[in-house]
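Tertiary structure, described
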Amino acid sequence: MRNFAFSSAENVDQAVSSERGNAGEASYIAGGTTLIDLVKLDVMRPVQVIDLNRLPLREVERLDDGRLRIGALVSNTDLAHHPLVTQHYPLLSQALLAGASTQLRNMASTGGNVMQRTRCPYFRDVAAACNKRAPGSGCDALEGVNRMHALLGTSEHCIATHPSDMCVAMTALGATLTLEGPNGTREIAFGDFHRLPMDRPDLEHELEPDELITHVTLDTPVVGGGSHYLKLRDRASYEFALASAAAMVAVEDGVIREARLALGGVATKPWRAVEAEQALAGKPARTESFEKAAEIALSDAVPREHNAFKVPLARQAIVRALEKASAASKHH
Amino acid sequence: MDTQVIGHRTPRVDGEFKLTGRADYTVDWQAQNMLYGYPVPASIAHGTLEKLHLDTARAMPGVVDIFHHGHFPKLYRSPNSPTHQDQVSEVRLPFEDERIHYDGQYIALVVAESFEQARAAAHAVHADYRRESGAIASLLDTDREGRLLASEGASRGDPEKAFDEAPVKIDHTYHIAAESHMQMEVHATLAEWRDERLIVHESSQGVVYQHKAMARIFGLPDESVEVVSHYIGSGFGNKLFMWPHAVATAGAAQMLGRPVKTILSRQQDMESGGNRPASRQRLRLAADPDGRLVSMRHDSTTETSFVHRYVDSLGSATPSLYACDNVAISQRLLEVHHGTPCPMRAPGETSGIHALETALDELAVELEMDPLELRRRNYADQDPASELPWSSKHLDDCYTSAAKRFGWERRDPAPGAMRDGDEIIGWGMATASWPALRMPCAARVELRDDGSVMAACGTQDIGTGTYTIVAQTVAELSGVPLKDIEVRLGESTLPAGPLSGGSMVTATALPAVAAALRNAFDALKEVATGEGGAFEGSDPESLEIEGGALKDDQGKRVSFGEMLTQQKLGSVNGEGQAAPGDEKGQYSFRSFGAHFVEVRWDPGISRLRVARVVSSIDIGRAINPSAARNQVEGSIVMGIGMALTEKLDYDPRDARLINNNYADYIVPCHADMPEIGVELLDNPDYAFNEFGARGVGEIGLTGIAAAIGNAVYHATGKRIRDLPITLEKVMDT
Ligand SMILES: Cc1cc2nc3c(=O)[nH]c(=O)nc-3n(C[C@H](O)[C@H](O)[C@H](O)COP(=O)(O)OP(=O)(O)OC[C@H]3O[C@@H](n4cnc5c(N)ncnc54)[C@H](O)[C@@H]3O)c2cc1C
Ligand code: SF4
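Everything numeric here is computed off the predicted structure, so don't read it as measured data. (Residues numbered from 1 in each chain as written. Chains lettered and ligands numbered in written order. Predicted model: local features only at pLDDT ≥ 70, side-chain atom pairs only at ≥ 80, totals over all residues.)

1. Here we look at the overall build of chain A
So the rule is basically this: Note on conventions: DSSP H or I runs of at least 4 residues are helices, E runs of at least 2 residues are strands, and numbering of each starts at the N terminus. Based on C-alpha atoms, the radius of gyration is set beside the globule rule, defined as 2.2 Å times the residue count to the power 0.38. Here the C-beta atoms are placed from the backbone, and a residue counts as buried if at least 20 other C-beta atoms lie within 10 Å of its own, exposed if 12 or fewer do, and partly exposed otherwise. Placing a C-beta atom from the backbone of each residue, one calls two residues in contact when those atoms lie within 7 Å.
Along the backbone of chain A there are twelve helices and twelve strands. Relative to the globule expectation of 20 Å for 332 residues, the C-alpha radius of gyration of chain A, 20 Å, shows essentially globular dimensions. Across its three principal directions, the C-alpha atoms of chain A cover 60 × 50 × 35 Å. Per-residue burial for chain A yields a buried fraction of 51% across its 332 residues. Contacts in chain A between residues at least 24 apart in sequence constitute 65% of all its contacts with a sequence separation of at least 6.

2. Description of the pairing of strand β20 (residues 453-456) of chain B
All names here are of chain B. In plain terms, the rule: We treat two strands as partners when DSSP finds at least two bridges between them.
Of the pairings in the sheet, the one linking strand β19 (residues 441-448) to β20 comprises four bridges and is antiparallel in character. Pairing of Leu447 across the sheet is with Val453, part of β20. Hairpin geometry of β19 and β20 is characterised by an intervening segment of four residues between the two adjacent antiparallel strands and by a positive phi of about 90° at Gly451. The sheet contact formed by β20 and strand β21 (residues 485-488) spans four bridges and is parallel.

3. Comments concerning the nonpolar core
Just so we agree on the cut-off: To count as a nonpolar core, a set of buried Ala, Val, Leu, Ile, Met, Phe, Trp, Tyr and Cys residues must be joined through C-beta atoms within 7 Å.
Ranked by internal contacts, the top residues of the largest apolar core, which has 224 residues, are Val110(B), Ala443(B), Ala455(B), Val474(B), Val513(B) and Ile708(B). For this core, the leading source of residues is helix α13 (residues 505-529) of chain B, giving 15 residues. Leaving out residues up to four positions away in the same chain, Ala455(B) has contacts with Ala443(B), Val445(B), Val470(B), Val474(B), Ile485(B), Val487(B) and Val513(B). Judged by nonpolar contacts, the second largest core, of 96 residues, contains Ile50(A), Met115(A), Tyr122(A) and Ala172(A).

4. A word on the domain arrangement of chain B
Interface size is commonly expressed as the accessible surface area that is lost when the partners come together. Residue and element names in this part refer to chain B. As a reminder, the rule being used: Start and end positions for the domains come from either an automated domain assignment or a database one. Three classes are used: nonpolar for Ala, Val, Leu, Ile, Met, Phe, Trp, Tyr, Cys and Pro, charged for Asp, Glu, Lys and Arg, and polar for all others, with Gly counted as polar.
The domains assigned to chain B are domain 1 (31-133 + 184-233 + 239-272), domain 2 (348-436 + 588-730) and domain 3 (439-579). One C-alpha centre belongs to domain 1, the other to domain 3, and the line joining them spans 39 Å. Each partner contributes to the interface: domain 1 provides 15 residues, whereas domain 3 provides 13 residues. Listed by contribution, the elements that provide at least two residues to the side of domain 1 that touches domain 3 are α5 (207-218) and β12 (225-228). Counting residues per element, the side of domain 1 that touches domain 3 draws most heavily on α5, at four residues. Looking at side-chain class alone, the side of domain 1 that touches domain 3 contains seven nonpolar, seven polar and one charged residues.

5. A few points about the site of ligand 2
The condition that has to hold: As a rule, any residue with its backbone-derived C-beta atom within 6 Å of a molecule or strand is reported as near that molecule or strand.
Around ligand 2 sit 14 residues in total, of which Cys120(A), Tyr122(A), Cys130(A), Cys139(A) and Cys158(A) are the nearest. Looking at the shell around ligand 2, its residues break down into ten nonpolar, two polar and two charged.

6. Some details on the sheet that holds strand β9 (residues 226-232) of chain A
All names here are of chain A. Quick note on the threshold: Helix axes use the C-alpha atoms of the stretch in contact, all axes being lines fitted to C-alpha atoms, and the angles between their N-to-C directions lie in the range 0 to 180 degrees.
As summarised here, the arrangement of the four strands in space is β9-β10-β11-β12, forming an open sheet in which the pairing is antiparallel. Pairing within the sheet leaves two strands with one partner each, and these edge strands are β9 and β12 (271-272). Relative to strand β10 (residues 243-252), β9 runs antiparallel, the two sharing seven bridges. By the bridge assignment, Gly226 is partnered in β10 with Val249. Lying over the sheet, helix α5 (residues 90-97) contacts β9 and β10, oriented at roughly 15° with respect to β9. This element, helix α12 (residues 310-328), spans β9, β10 and β11 (255-264) of the sheet and lies at about 30° to β10.

7. Describing the domain arrangement of chain A
Each assigned domain of chain A is listed with its residue range as follows: domain 1 (5-49) and domain 2 (226-328). Centre-to-centre separation of domain 1 of chain A and domain 2 of chain A, based on C-alpha positions: 36 Å.

8. Observations regarding the sheet that holds β19(B)
All names here are of chain B. What the four strands build is an open sheet, ordered β21-β20-β19-β25; its pairing is mixed. Both edges of this open sheet fall to β21 and β25 (571-578), since each of them pairs with a single strand only. In this sheet, neighbouring strand axes are inclined to one another by 15° on average, regardless of whether the strands run parallel or antiparallel. Together, β20 and β21 form the strand contacts of helix α12 (residues 466-478), whose direction differs from that of β21 by roughly 135°. Across the sheet, α13 is in contact with β19, β20 and β25; its angle to β25 comes to roughly 145°.

9. A short note on the site of ligand 1
Residue and element names in this part refer to chain A. Lining the immediate environment of ligand 1, one finds 31 residues, of which Gly31, Gly99, Gly111, Gly112 and Met115 sit closest. Of all the secondary-structure elements, those providing two or more residues to the shell around ligand 1 are β2 (26-29), α2 (35-40), α6 (102-107), α7 (110-115) and β8 (212-218). The element that contributes the greatest number of residues to the shell around ligand 1 is α7, accounting for four residues. Grouping the amino acids of the shell around ligand 1 by side-chain chemistry returns 17 nonpolar, twelve polar and two charged.

10. Observations regarding the interface of chain B and chain A
Contact with chain B, which involves 27 residues of that partner, is made by 20 residues of chain A. For the side of chain B that touches chain A, the secondary-structure elements that each account for two or more residues are α3 (115-123), β27 (607-618) and α18 (727-730) of chain B. Sorting elements by how many residues they give to the side of chain B that touches chain A places α3(B) first, with four residues.

11. Some thoughts on unusual backbone geometry
Residue Pro724(B) is reached from Leu723(B) by a cis peptide bond, and omega for that bond is 0°. Mapped onto the elements of the fold, Pro724(B) is located in the loop between β29 (722-723) and α18. Here Asp42(A), not a glycine, exhibits a phi torsion of approximately 70°, which is positive. In this fold, Asp42(A) is placed in the loop between α2 and β3 (48-51). Judged by the 17 C-beta atoms lying within 10 Å of it, Asp42(A) is partly exposed. Its identity is not glycine, yet Ser503(B) carries a phi of approximately 55°, on the positive side. As for its position among the elements, Ser503(B) is in the loop between β21 and α13.

12. Looking at the pairing of β12(B)
All names here are of chain B. Note the cut-off: Consider the strands pointing away from the viewer: the crossover is right-handed when the path from the first strand over the helix to the second runs clockwise.
Two elements, strand β11 (residues 197-202) and β12, share four bridges in a ladder whose sense is parallel. By the bridge assignment for β12, Leu198 is matched with Val225. Once you follow β11 into α5 and on to β12, the crossover reads as right-handed.

What follows is the structure in structure tokens.
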């Protein structure tokens, strides 16, 4: 591991102040489970590391308008078990607990999870060609071992998945990110935060180099909706998704009033399947409707040599998640 | 044998050391003035190193030196002889020339004042290569056949003719992906030169072998090298023989005149620290209409690297497992451009029995016969390969008992017929087997004036419980309580003991420890009956050992410690030797068992999990039933990984390893653990050794993947002939 300068920010202003040096070479650290891993592999090379752990961003609180505000330093474990989350957003709790391992979740922060990097093996190998790590060097995954890679939102420059489970649930639930920079605070819709790779896969999100995520605020819960997070993978735990689906369905008299659907493991960013959601609204809460929605959600899928099976697998994840969510809906 | 300690569930005598951090693993060792080595791996698999750019790295903080081709001591290769116990994992020496034979081959070793500095500088070393095309990533990616090995073939009868004439036959080819050992503790070496003597701490399954190989490589007399390995965070075979990192470390320490410690990263461990080679196996079986095997042919190909000839003997069990007059096995070897393979738990037979037991299941389907019944009809009452009687075989009991506990009679043979909600249930079974091996061994025992006993042997405890069973043996024969027994293992200066491999330590080391202990008793009796002794003038033969004391027929008892103290002696010693004898020509020695497996397949979400494993295994006597059962349970878990998820993924384009860590190489995790019911039959095999033990470390892994694959077939009707059985191979698309 290369040497780097280390300092702790005592408050948010200090964390984002321009005194912290050249932004491109500075990096925040929260739980460190992404950062330290990649520094050890020489993939991330910060010159300066700023520790966020003293910032007062560990609260989970219900706002007057009914939304839930989550501090960026709340750990994945604490968030998963927080009563307000298990009660009002069980989908998020399920997704968090489906991620990583207990040890990692104890360390991982909410902000760090949003910012985590892809698990693409070529990204993690400094000797491989990777446009995300070394812009313009090419993409070894396109014709390589790409079983884990994405079907949706890909480009000829990058097909890496966004690996987060938490973000898939947040995308489905609807959320807003609060960003703090030297020029003040701004908000951005969760779905607009992560970028598609297009021709610049190294630009992964809308955060400016000197900005900090301070909070994630979840939209008010969908009334009467049932939800389910289903993660499909080779082993039962501690593995990134081959395909996952976050589904929320509100059923009234056998008819779907509102549906939310987001996908993980198959897309380059946390993937909200908006057209599938629209197709579900007003339809009977039956398997045929769910199958149709799955078809719509995956109609733009671009499979590669080793990941073609993810198309039917994602379809299965969607259908089963929607079935379970609708069975859990209050008025079905 | 009526026993007090042997055969009882003794807790591990080293458990406290492990829990409290006092167990001294290799990486825990510190030497004064010590430096850290960090290897620089090649990032191509096939070509030549043209230039190393070292200036940046050399100028980095803490860097002391960087070794590479042209800047390293001139060493010799080890003869790599099993007979002379100087086998190594790779005969090629590090930095021998500039050829690159696999991804991860060391091109340099950075030595610095701290581990972090060495690693940072290693990352700053850049290399220019001349790449060559045509790297072979895996035998799974090529149709090359490899060369036939005359040494590995065997045949009896006329299998070809019998096959052609038989009414029922199968002919299928099976592939198994290369696997990683994934032992918890990575390879590590601490090398120190003291007065022309080389002292090495290594996480090693064979201190004697490494010490001899080091002596040959550095051109030293055997006495000038010492290898220490007190605790090992497992090895599963990849620590049997020394790897180049150890030679590089010892060479660096020699040139710098300071101790050097090298700890491999997980990536390096997986790339260049050994693997189970991928294999291709063709099985041709034929039977008469009653299911009696009339022909068995088993033709295998395995991988090795371009720098070492490692042969995983896949067919070695096949001629012995079933009664069949016409049998032929053959083996081919194919060089590929990835790290050198080496033995991995039940090497060879794990892969070979997988193919054979899968093929038998396919034959049972052809015959419309229950797969267990097919095995029973071909039961081998003697070893059909050697035509010798078995020393002790109770496989029929294993079949009966495991089938009963599993509930096999309730199996509906039609694929997919058994359901539970969204899930389809599949039941499969297979036979397990592993040869009983035993080697010559020496040991030393010391009876001390404080009443304690020390037993020493130059073998290792690789986490399996060797410290404990040696202590149990001493306790059993001496009557001294376990707390007063000290066991010393893992030092090449101790009386030479066996490799911790082949499941042979129990049968090899315990008789030697017993012999040494008896010699120590004789020494004590000599003292006792001599001038001034407590039993002066008595016939030594008349004295008995009981409860840590000598006893005569009058009922007089004097404890060992008292006796020595009276005579102002600190201790008496016994050296002992033990080796297999004539029994080798009289019997065939092999362990057997049976696995029954339930899998659950949810076709709606393509989820495949092992739900239940029931195994009955006959290993002779279990010296410590807790440790023995634990070995079989661990093997079963390892077999689940082999069957369903484990695969070293080499990029077919350039033979580089893609999944070189615990997150991307998928071993079973806790949530994957099925209900496991292991039964150990207790049939002591006294023809094999006085303790009746045949060893248990590996047999559990044989057959388990086949039982899982056979259960997958029963659930889905799909025969997946290539491991691992990942979900895309089974799902309906
Ligand atoms: C072996 C392994 C398995 C895993 N499996 C899964 C899985 O199955 N599912 C899953 O969802 N995740 C998985 N993860 C990823 C894990 O969830 C993330 O590593 C974790 O959430 C990152 O959080 P952290 O606080 O440790 O981030 P850090 O490592 O501290 O930071 C990560 C990045 O975010 C930046 N950052 C951190 N906080 C902020 C902030 N407040 N504002 C702006 N930038 C910030 C840092 O500068 C850094 O670039 C796995 C990780 C590992 C190592
Ligand atoms: S898929 Fe993206 S992250 Fe992976 S190698 Fe290609 S560019 Fe890099």
